[in-house]
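As a plain string of letters, each chain reads:
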Amino acid sequence: MRYRVDGAQCRGLRAGSLLLAGVLLLGGCAGMAGPEQAAGMPAASAPGIADRTLDLAERAIAEGRVGDAKVLLDRLAVAGLESPRLELAQGELQLALDQPKRALALFEAASRAEDLAAPALQGMGLALLRLGRTELALPKLAQAAELDPALWRAWNGLGVCHDRAGEFADAERAYGKALAIHPRSALIRNNRGFSRLMQRRTDEAMADLAEALRLSPNLKPAQENMRLALAWKGDYESAISGVHGREASTVLNNVGYIAMLRGDLESAESYLLRAMEASPSFDTAASRNLSYLKTLGRGAEKPQ
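Residues numbered from 1 in each chain as written. Predicted model: local features only at pLDDT ≥ 70, side-chain atom pairs only at ≥ 80, totals over all residues. Heavy atoms only, no water.

Some details on the overall build of the protein
Along its length, the protein carries 16 helices and zero strands. Taken across its 304 residues, the protein has 52% of its residues classed as buried. Intrachain contacts of the protein at a sequence separation of at least 6 include 56% that bridge at least 24 residues. (Helix = DSSP H or I, 4+ residues; strand = E, 2+ residues; numbered from the N terminus. Buried < 20%, exposed > 50% of the residue type's maximum accessible area, 1.4 Å probe, protein only. Contact = heavy atoms within 4.5 Å.)

Thoughts on helix H3 (residues 66-78)
Over its 13 residues, H3 extends 18 Å from the first C-alpha to the last, a length consistent with the 18 Å expected when each residue adds 1.5 Å. Among all positions in H3, only Val66, Gly67, Asp68, Ala69, Leu72, Leu73 and Leu76 are buried. Directly beyond the C-terminal end of H3, a positive phi value near 85 degrees is found at Gly80. (Expected span 1.5 Å × (residues − 1).)

Some points on the packing of helix H10 (residues 186-198) against helix H12 (residues 220-232)
Between H10 and H12, whose axes approach to 10 Å, the crossing angle comes to 25 degrees. Considering their axes alone, H10 and H12 lie roughly parallel with respect to each other. Here the hand of the crossing between H10 and H12 comes out left-handed. Across from Asn190, Phe194 and Leu197 in H10, the residues of H12 making contact are Pro221, Ala222, Asn225, Leu228, Ala229 and Trp232. A breakdown of the residues in the contact of H10 with H12 according to their chemical character gives seven nonpolar, two polar and no charged. (Axes fitted to C-alpha atoms, helices over the stretch in contact; angles between N-to-C directions. Parallel < 35°, antiparallel > 145°, perpendicular 65-115°, else oblique. Left-handed = near helix turned anticlockwise from the far one by under 90°. Nonpolar A, V, L, I, M, F, W, Y, C, P; charged D, E, K, R; others polar.)

Comments concerning the side chain of Thr134
Structurally, the position occupied by Thr134 is in helix H7 (residues 134-147). The class of Thr134 is buried, set by a relative accessible area of 15%. Those residues in contact with Thr134 that sit more than four places away from it in its chain are Leu129, Cys161 and Arg164.

Brief notes about the nonpolar core
Counting 38 residues, the largest nonpolar core has Ile240, Val255 and Leu293 as its most contacted members. For this core, the secondary-structure elements that each account for two or more residues are H10, helix H11 (202-215), H12, helix H13 (236-240), helix H14 (246-261), helix H15 (265-278) and helix H16 (284-297). Sort the elements by how many residues they give to this core and H14 lands first, with nine residues. For Leu293, the residues in contact, after removing those within four places along its chain, are Met260, Leu265, Ala268, Glu269 and Leu272. Core analysis: the second largest hydrophobic core is formed by 33 residues, Ala120, Ala127, Leu151 and Ala171 among them. (Core = buried A, V, L, I, M, F, W, Y, C linked by side-chain atoms within 4.5 Å.)

Some details on the packing of aromatic side chains
Each aromatic ring pair is described using two quantities: the centre-to-centre distance and the angle formed by the ring planes. Throughout the structure, instances matching the rule amount to one aromatic pair. Ring geometry for Tyr236 versus Tyr271: centroids 5.5 Å apart, planes at 65 degrees, classification edge-to-face. With a gap of 35 residues between them, Tyr236 in helix H13 and Tyr271 in helix H15 connect regions that are remote in the sequence. Both residues of the pair, Tyr236 and Tyr271, count as buried. The lysine or arginine in question, Lys177, covers the ring of Trp155, its NZ or CZ lying 5.5 Å from the ring centre. (Phe/Tyr/Trp six-rings, centres within 6.5 Å; stacked < 30°, edge-to-face > 60°. Lys NZ or Arg CZ within 6 Å of the ring centre and 35° of its normal.)

Topic: the side chain of Asn156
You can see Asn156 is positioned in helix H8 (residues 152-164). Reaching out from Asn156, the side chain makes a polar contact with the side chain of Asn191 at a distance of 3.1 Å. (Polar contact = N/O pair within 3.5 Å; in protein donor to acceptor, adjacent residues only side chain to side chain.)

Let's talk about the environment of Ala259
Tracing the chain through its elements places Ala259 in helix H14. Take Ala259: its relative accessible area is 0%, and that puts it in the buried class. For Ala259 and Tyr271, which are twelve residues apart along the polypeptide, the C-alpha to C-alpha distance reads 8.6 Å. Aside from chain neighbours lying at most four places away, what touches Ala259 is Tyr236, Asp264, Ser267 and Ala268.

Things to note about the pattern of salt bridges
Scanning the model with the defined rule gives 21 salt bridges in all. Note that Asp55 and Arg85 form a salt bridge whose closest N and O atoms lie 2.4 Å from each other. Here Arg85 lies in helix H4 (residues 84-96) and Asp55 lies in helix H2 (residues 50-62), a separation of 30 residues in the sequence. Judged by its relative accessible area of 32%, Asp55 falls in the partly exposed class. Relative accessible area serves as the criterion here: at 25%, Arg85 is assigned to the partly exposed category. Several salt bridges share partner residues, and in doing so they unite Glu172, Arg189, Arg192, Arg196, Arg201, Glu204 and Asp208 into one network. (Salt bridge = Lys/Arg side-chain N within 4 Å of Asp/Glu carboxyl O.)

Some remarks on H4
With 13 residues, H4 ought to run about 18 Å at 1.5 Å a step, and its terminal C-alpha atoms sit 18 Å apart, in line with that. Buried residues along H4 sit in contact with H2, H3, helix H5 (100-110), helix H6 (117-130) and H8. Asp98 sits one or two residues past H4 and shows a positive phi near 60 degrees.

Observations regarding the confidence of the model for the protein
Regions with low pLDDT should not have their predicted coordinates read in detail. Of all residues in the protein, 81% attain a pLDDT of 70 or more, and the chain-wide mean is 84. Taken together, the stretch residues 1-41 has pLDDT below 50 and engages in 135 contacts with residues farther than four places along the chain or on a different chain. Taken as a whole, residues 299-304 scores under 50 in pLDDT and shows 16 contacts with residues more than four places along the chain or in a different chain. (pLDDT = per-residue confidence, 0-100.)

If you want it as structure tokens, here you go:
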């Protein structure tokens, strides 16, 4: 199983066969605001307006208006503003744009300001997570959370770090800290549900995922994880309900693989064959799983 965050593998099912969605909220979103939203905003070069412009940019990032934030920060850069606070905001923007290497350098520069150490360390840790450097991310996030326990994204990132190491008790505590600070976060709920699903605590996972979907009905990773949880419960038809197009092959493969892990070999074969039929090209993962299923039929030990 894997976190979709960066493709780094988590312990659980065999790698390369089952793709399990997991989300790490890093701040901002991919939605780009149109130029009409940015029009009329203050010119960064106007006297006394730079701080206000930076306030607006930070708010735009927090609200997911990445296009607006980029316009504002570009104006500040053109105006020649240089400050650790600007570097921190630029780092958050690059993180939201899924540019973790650029973000990391900006967060490192911002960390020289003592009053920004905690959020800069948080940003460094989240950027390192995006880059798959969990062993480097963990101490940065831990230090950020120690300096400022209210940084829920640091706690959430720590949860992912511990999940990747199979340290589920520590992950549970970290997600609990994050939720105590930000109880209405669908993304933290999804992450904790994902963690519990890896431990096969299926009922608890489904409760978290249901809450994630109540808070954010269109959160796709939570939808995908709920399908996997339903499959673990043996409710295969509910797990594949409503899938179509390119999604169908992946979902059918995942359900077939879970059925195989549950020892339901007849259902596994059915869903894996359907996965291969649904794929517009030859589905390698489903084919590999089907080949393994045939070895099980000859008496091989089922995967753990």
